[in-house]
Amino acid sequence: MKIKNKFIRGIGVYFIVLGIMWLGLIITTLIPNHCIQKNMIQSALIIGKSQPFATCDGDKMNGIADNYADSIWLNVAWYMGKGNPFVSSVNTQYYDGEEQGQNIGLYQAVTDENTVANVDYTRYWHGTAGIIRILHLFTDVNGIRYLGFIVTLGLATILMMLLMKRGKDFQAIAFFLSLCAVKIWNIRLSMEYQPAFIIGFFICILYVLFEKKGNDVLLLLALISGQLIAFFDFLTTETVTILLPLILVVGLRATENRLGKRKANCRFLLAQGMAWFVAYGATIIFKWFLASIILSENKLLTAMESVQERVNGTVGFQGNGTSIAQIFAAPAANLTVLFGGEKRMEFMPLLSGIVFIVVYIMIFIIGSKKVAGEKKLAMGMLFGLGGLVILRYMVLSNHSYLHAFFTYRGLVSMLMAMMTMIVLNIKNITNITRQQGAEFYEKE
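What comes next concerns the included structure. (Residues numbered from 1 in each chain as written. Predicted model: local features only at pLDDT ≥ 70, side-chain atom pairs only at ≥ 80, totals over all residues. Heavy atoms only, no water.)

With respect to the overall build of the protein chain
And then number 1: Helix and strand counts for the protein chain come out as 20 helices and four strands.
And then number 2: The globule rule puts the C-alpha radius of gyration for 444 residues at 22 Å, and the 22 Å found for the protein chain is close to it.
And then number 3: Its C-alpha atoms give the protein chain principal-axis dimensions of about 70 × 55 × 40 Å.
And then number 4: Counting only residues that meet the buried cut, the protein chain has 54% of its 444 residues in that class.
And then number 5: Within the protein chain, contacts between residues at least 6 apart in sequence are counted, and of these 77% link residues at least 24 apart.
And then number 6: Between the centroid of the 38 positive side chains of the protein chain and the centroid of its 27 negative side chains there is a distance of 13 Å. (Helix = DSSP H or I, 4+ residues; strand = E, 2+ residues; numbered from the N terminus. Rg over C-alpha atoms; globule rule 2.2 N^0.38 Å. Buried < 20%, exposed > 50% of the residue type's maximum accessible area, 1.4 Å probe, protein only. Contact = heavy atoms within 4.5 Å. Lys, Arg positive; Asp, Glu negative; His and termini not counted. Charge placed at Lys NZ, Arg CZ, Asp CG, Glu CD.)

Digging into a nonpolar patch on the surface
And then number 1: On the surface, a nonpolar cluster with roughly 460 Å² of combined accessible area is contributed by Ile354, Val358, Ile361, Met362, Ile365 and Ile366.
And then number 2: You can see Val358 is positioned in helix α15 (residues 347–370). (Patch = residues over 30% accessible without salt bridge, like charges linked within 9 Å, V, L, I, M, F, W, Y side chains within 5 Å. Areas by Shrake-Rupley, 256 points an atom, 1.4 Å probe, with all protein chains shown as cover. Salt bridge = Lys/Arg side-chain N within 4 Å of Asp/Glu carboxyl O.)

What to know about the pattern of salt bridges
And then number 1: A full pass over the atoms with the stated rule returns 11 salt bridges.
And then number 2: A salt bridge links Arg253 to Glu211, with the nearest nitrogen and oxygen atoms 2.8 Å apart. Remark: Glu211 occurs in the loop between α9 (195–210) and α10 (215–232) and Arg253 occurs in helix α11 (residues 240–255); sequence separation between them is 42 residues. Like Arg253, the residue Glu211 is buried in the burial classification.
And then number 3: Ionic pairing is found between Arg258 and Glu256, a salt bridge with its closest N-O pair at 2.8 Å.
And then number 4: We classify Glu256 as buried; its relative accessible area is 6%.
And then number 5: Connected through salt bridges with shared partners, the residues Arg166, Lys168, Glu211, Arg253, Glu256 and Arg258 form a single ionic network.

Focus on the environment of Lys369
And then number 1: Within the secondary structure layout, Lys369 lies in helix α15.
And then number 2: Sequence spacing of Lys369 and Asp216 is 153 residues, and the spatial spacing of their C-alpha atoms is 32 Å.

Have a look at this one:
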């Protein structure tokens, strides 16, 4: 009966949240295009003066500004303001400029009302396009980029303050260092890079605030997290929204001797993963069905073709590479970018990446021998959670290889897992944080 009630509650929360998000998107389409046209034209001019993939830190791939993706975001946002709001919020499309290119296409779209969209993009919700429409009432693409960056830093600061309030200074430092390792400041370069981190850090704050209220609350948060990232993201670093919160919770509970038994924690992680994954997948599939019904076209087929390409396609992989080779090349490319590579495959950065993986494994093996009980269990949980980032790269190998210049930031979870394992091995940390944790709960 309890499981049945949880299921019904989850379904109810899912459709309420999805309904609110879609309604919000519809409302943004009601903003007349002429009200945002001036700033849209300014954005089109800014994008038009930039290279599609501009390097902003020498030739390092981790310093690339994805102006191409931002151009598409702006284009989709513009066409959402045309036609019936219920249709335009679902019939996401844009004009690609044909022979003239994407940048010219964006400029033509926002300056010529007769320009018709010619590219179907209904496979994503494009919820962020609604935010882009709202913000273009006040600013242009550069203003949105910096505003998103400021919001991200603000959420990260709040999260670190919450950790320090609970006496988890080491975990706050680990979080800060993880962000530095993936050069979090470079998300200011593109709107595309920001939704996953804004949502991820927001969910992390909620996990830290509510984890003491029990796993049922966290299960609903995992479900909502999956919905939010599917609705607002564009397939970038989506795993941040579930792995980072779980790593934080495992670290908190382990340092306060509240982790519990192995079996219960296995069920907890499995339930969290399933809730997030099912909500993520259902939200995307719901968009396909909704688009097919509203537009009287089969959007499922084109969407599935795109999914297949992201998983085992070989477009852009050394021209004639095999899908098997690409499965291993994808994580290698992301590790290369993490360590400052100027190409997807570069010997010294890749070697540094391999050393990082070896160190990660050794910290787990050696650290697990030096701790016992709940901390030993936590080591295994953290090792597994961090390792899922690599699995994501291998499953979505073509996408992860081609877009390593931004998907590499998903390694922030692996870095946080590694540093949390180190925290668990600091001498006397359990006693210190246990006392501080008790004081925190007494105050609460």
